[in-house]
Structure formats: structure tokens, C-alpha cells
Amino acid sequence: MTLPAGWTARRPTLDDVPAILAVVHAADTFAVGYPDFDADDVRDALTAPFVEMARDSWLVTDPDGVAAGWTILSNPTGVGREFLEVYVDPERGAGLRAPLLARLLDRVGERAAERGLPALTARTAVFAPETRWAGELTEAGFTRVKRYVRMTRSLADLPAEPSLPDGVTVRPVRPDDEADLREFHRIFDTAFRDTPDHEPLDFAAWRDLLPASGKVWDEWFLAEVDGAPAGALQSSDQAVDQGAGWVRTLSVLPAYRRRGVGAALLRRAFATYAAKGRTAAGLGVDLANPTVPVTLYRSVGLREERWTDMYERTVPAAGV
């Protein structure tokens, strides 16, 4: 598919970060009601592991040279699915998403060939107002595979942290203790192993990816039951600019589920966020994940705020 007459698609550079950010802010405001990216997020996306700025990203400008669309591939682990980000200014670039999607799908095919794979799975997100985008994805062969729900709660009326269940203790992770980090990784890997989208990483690869997730170590916690490691909670700094704490992952080993471990970890995280002056807490829930019932999150005061659908399709390797 081609761009409208007079429009230009080129590879971005880091000098384009301000222009890209303006596009992303316009797209986010339409999709979720507020800007959800900052300049560091754009720069991190362009320089992320397993991303080649000169091959995996496009910037589209209108006939006046003003940026109206930006797209990039990402694959934080270098294995498994490719994630497609396609941002457009909804007022000036509504018709850009389909041609940009076509370019990204061609690149996914190339990446599959480069990795010696017969095909790769491409995935992208759709927010509630993005009905046109959902239709364009369907026309391009994508199908909806799952729904994520964003849940939040106010911390203004946070009750006193209740007593822990018998035998349960919660403490911050010791970031300078490799054994502690290895235990955290083991719990995370084991707890998510029975979920459909889990992409296992060994400890070294997992640790290398930590800087991208925001290492707010005093907001990471380990839980034990009668002295045995049982659960882990990883926070992220992604919502700090909104005055909120964010739970990136909550992991409870199968043998310790439904014993209050998950709720204890969440309450400790909420108390820590509140002590730092945060006004809200949130997390994302994969409704296809059988290990974490939404009822757990509701029990600690979290409520559904909005949903995001995930669409995916298989892309054959280039030349296949």
C-alpha cells in the first residue's frame, strides 16, 4: 500500500524524538484520554535491544514536513512474538495506519527469515475508541486473541495494612544479593510457565532486560510462607508521571496460591506507593491468564478502568 501524494516515509533518527513524541501524544490522547509516553520512552523504543532503528521503524511526514505517523517493531526478549506499534495523529494521519502496517508486516517477514524461522507471530493492541484500526487489522488478516484490562485504585483512602496471614512474610528484594535476584527470577519463571504467552528467559537474559523495566528496588518484594519463597512482585516506574505506582508482575508459586500471598504483596506495594506520595496504583490483567483471578484484584480495592484488545496474525518468512 502507498502513502497519499506528497507524504513521505523515512527512517527516523534520535533527532526526531520531539516530532515522534508529538504524534504519540496525539494518538494516546485519542486512545486512552491522556499522553502516556515521554521523550525517554521514545528514545528507549528506538534504541531497545533487538531493534534496528534504520530497519524497524518509519516516520511519516505530511507535505509540509510535519510528522503525522510513526511506527516501530519491538521484541524485548528477542524470541517469540513481534509487537507492532503504529501511532498516527488522528486528525491528520487517520489514513496512514494501513500502509504503515503493511510495511511492518513486510519487515516481520524479513526478521523471520533472518532468524531462520518459517514464520513469526505479529501482535498489536487496539483500544476501545480505535474502531477503524480494528477494522484495518481484520482486513489485514489479524484476529482478536485476548483482552487486557487496566485496573486502578485510589491511594487517598488506603486503609491500614492488615495483619499478614499466618506464616506469610513480605520484604523488599535485596538488589545487591544475586541469590535474591535468582530467587525472584525463579518464582517469576515458574509462576508464569503455565500461561499461554510465557516466553522463558534464563537468569542472565532476564537480568540484562531489567534496566528497561525501571529498577525501583524498594518497590520490588519477595514473599515467604513459613520461610519458603512463595511469591514476588515487580513494580515499574511507568506511571510515576501520572502520580501512580504500577505493578508490572505479580507471581505466586502454584503450591502457595489462594493462601493470601498475592494480596499481601499487593497491599505492601500499595502502602509503599502511598508513602512516596503517589495518589493511585494500577496494573494490567490478562483475562486469558488462568492463574490470577480478577477477584483477587477486586479484593484489594482495584477496579476495572479500561480494556485493550490484542490482535495477532502469522507472518511467513520473506521468500517462503
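This structure is a prediction, so every number in the text was calculated from the model and none was measured. (Residues numbered from 1 in each chain as written. Predicted model: local features only at pLDDT ≥ 70, side-chain atom pairs only at ≥ 80, totals over all residues. Heavy atoms only, no water.)

Trainee: So what exactly am I meant to see when it comes to the pattern of salt bridges here?
Mentor: Close approach of charged atoms allows side chains of opposite charge to pair. Under the counting rule described, the total for this entry stands at 34 salt bridges. Ionic pairing is found between Arg107 and Asp56, a salt bridge with its closest N-O pair at 2.5 Å. With Arg107 in helix H4 (residues 97-114) and Asp56 in helix H3 (residues 53-56), the pair connects residues that are 51 residues apart, well separated along the chain. The closest approach of N and O atoms between Glu178 and Arg182, which form a salt bridge, is 2.9 Å. Taken together, the positions of Glu178 and Arg182, both in helix H6 (residues 178-192) and 4 residues apart, correspond to about one turn of that helix. Assessed through its relative accessible area of 36%, Glu178 is described here as partly exposed. Accessibility expressed as a relative area gives 41% for Arg182, which makes it partly exposed. (Salt bridge = Lys/Arg side-chain N within 4 Å of Asp/Glu carboxyl O. Helix = DSSP H or I, 4+ residues; strand = E, 2+ residues; numbered from the N terminus. Buried < 20%, exposed > 50% of the residue type's maximum accessible area, 1.4 Å probe, protein only.)

Trainee: Where do I start with the environment of Lys146 in this structure?
Mentor: Within the element layout of this structure, Lys146 appears in strand E6 (residues 143-154). Residues Lys146 and Phe192, spaced 46 residues apart in sequence, show a C-alpha to C-alpha distance of 17 Å. Within polar-contact distance, the side chain of Lys146 engages the side chain of Asp286 at 2.7 Å. (Polar contact = N/O pair within 3.5 Å; in protein donor to acceptor, adjacent residues only side chain to side chain.)

Trainee: Honestly, the sheet that holds strand E7 (residues 168-172) in this entry has me stumped. Any pointers?
Mentor: In a beta sheet, neighbouring strands are held together by backbone hydrogen bonds and run either parallel or antiparallel to one another. With mixed pairing, the 12 strands of this open sheet are ordered in space as E1-E2-E3-E4-E5-E12-E6-E11-E10-E9-E8-E7. On the outer flanks of this sheet lie strand E1 (8-10) and E7, each paired with one strand and no other. Averaged over all adjacent pairs, the angle separating strand axes in this sheet is 25 degrees, with direction ignored. In this sheet, strand E3 (residues 67-74) lies alongside strand E2 (residues 57-61) in antiparallel orientation, the contact comprising 5 bridges. Each bridged residue has a counterpart across the sheet, and for Leu59 the counterpart in E3 is Trp70. Lying on the sheet, helix H2 (residues 39-46) is in contact with E2 and E3; it crosses E3 at an angle near 50 degrees. Across the sheet, H6 is in contact with E7, strand E8 (221-225), strand E9 (228-236) and strand E10 (244-252); its angle to E9 comes to roughly 90 degrees. (Pairing = 2+ DSSP bridges. Axes fitted to C-alpha atoms, helices over the stretch in contact; angles between N-to-C directions. Contact = heavy atoms within 4.5 Å.)

Trainee: What is the right way to read the nonpolar core from this model?
Mentor: In a soluble, globular protein the nonpolar side chains are often hidden away together inside. Residues Leu233, Val261 and Leu266 are the most contacted members of the largest nonpolar core, which totals 46 residues. Ranked by the residues each element gives to this core, the list is headed by helix H9 (residues 261-275), at 8 residues. Not counting the four nearest positions on each side in its chain, Leu266 is found in contact with Leu233, Val247, Leu250, Leu283, Leu296, Tyr297 and Val300. Formed by 25 residues, the second largest nonpolar core is a distinct cluster that contains Leu3, Leu73, Leu105 and Ala134. (Core = buried A, V, L, I, M, F, W, Y, C linked by side-chain atoms within 4.5 Å.)

Trainee: For this particular structure, what's the right way to read the UniProt feature "domain: N-acetyltransferase" (unreviewed entry) in the protein?
Mentor: UniProt's feature table lists "domain: N-acetyltransferase" (unreviewed entry) at residues 7-165 and 168-320, given in the numbering used throughout. Span residues 7-165 is 35% helix and 28% strand, its end C-alpha atoms 61 Å apart. (UniProt positions renumbered as here; feature names shortened; annotations may be inferred.)

Trainee: Please clarify how the pairing of E3 should be interpreted in this entry.
Mentor: Working note: regular strand, side chains alternate between the two faces of the sheet. Among the 8 residues of E3, 7 are classified as buried, and the element is accordingly described as predominantly covered. Where E2 hands over to E3, the hairpin turn is made up of 5 residues, of which Gly65 adopts a positive phi near 85 degrees. Here E3 pairs with strand E4 (residues 82-88) via 6 bridges, running antiparallel. Bridge pairing links Thr71 to Val86 in E4.

Trainee: What exactly am I supposed to notice about the packing of helix H1 (residues 17-32) against H2 here?
Mentor: Relative orientation and spacing of two packed helices are given, respectively, by the angle between their axes and the distance between those axes. Between H1 and H2, the shortest axis-to-axis distance is 9 Å and the interhelical angle comes to 110 degrees. Put simply, H1 runs roughly perpendicular to H2. Touching Val17, Ile20 and Leu21 of H1 are Ala39, Val42, Arg43 and Leu46, all from H2. Residues that form the contact of H1 with H2 fall into these classes: 6 nonpolar, no polar and 1 charged. (Parallel < 35°, antiparallel > 145°, perpendicular 65-115°, else oblique. Nonpolar A, V, L, I, M, F, W, Y, C, P; charged D, E, K, R; others polar.)

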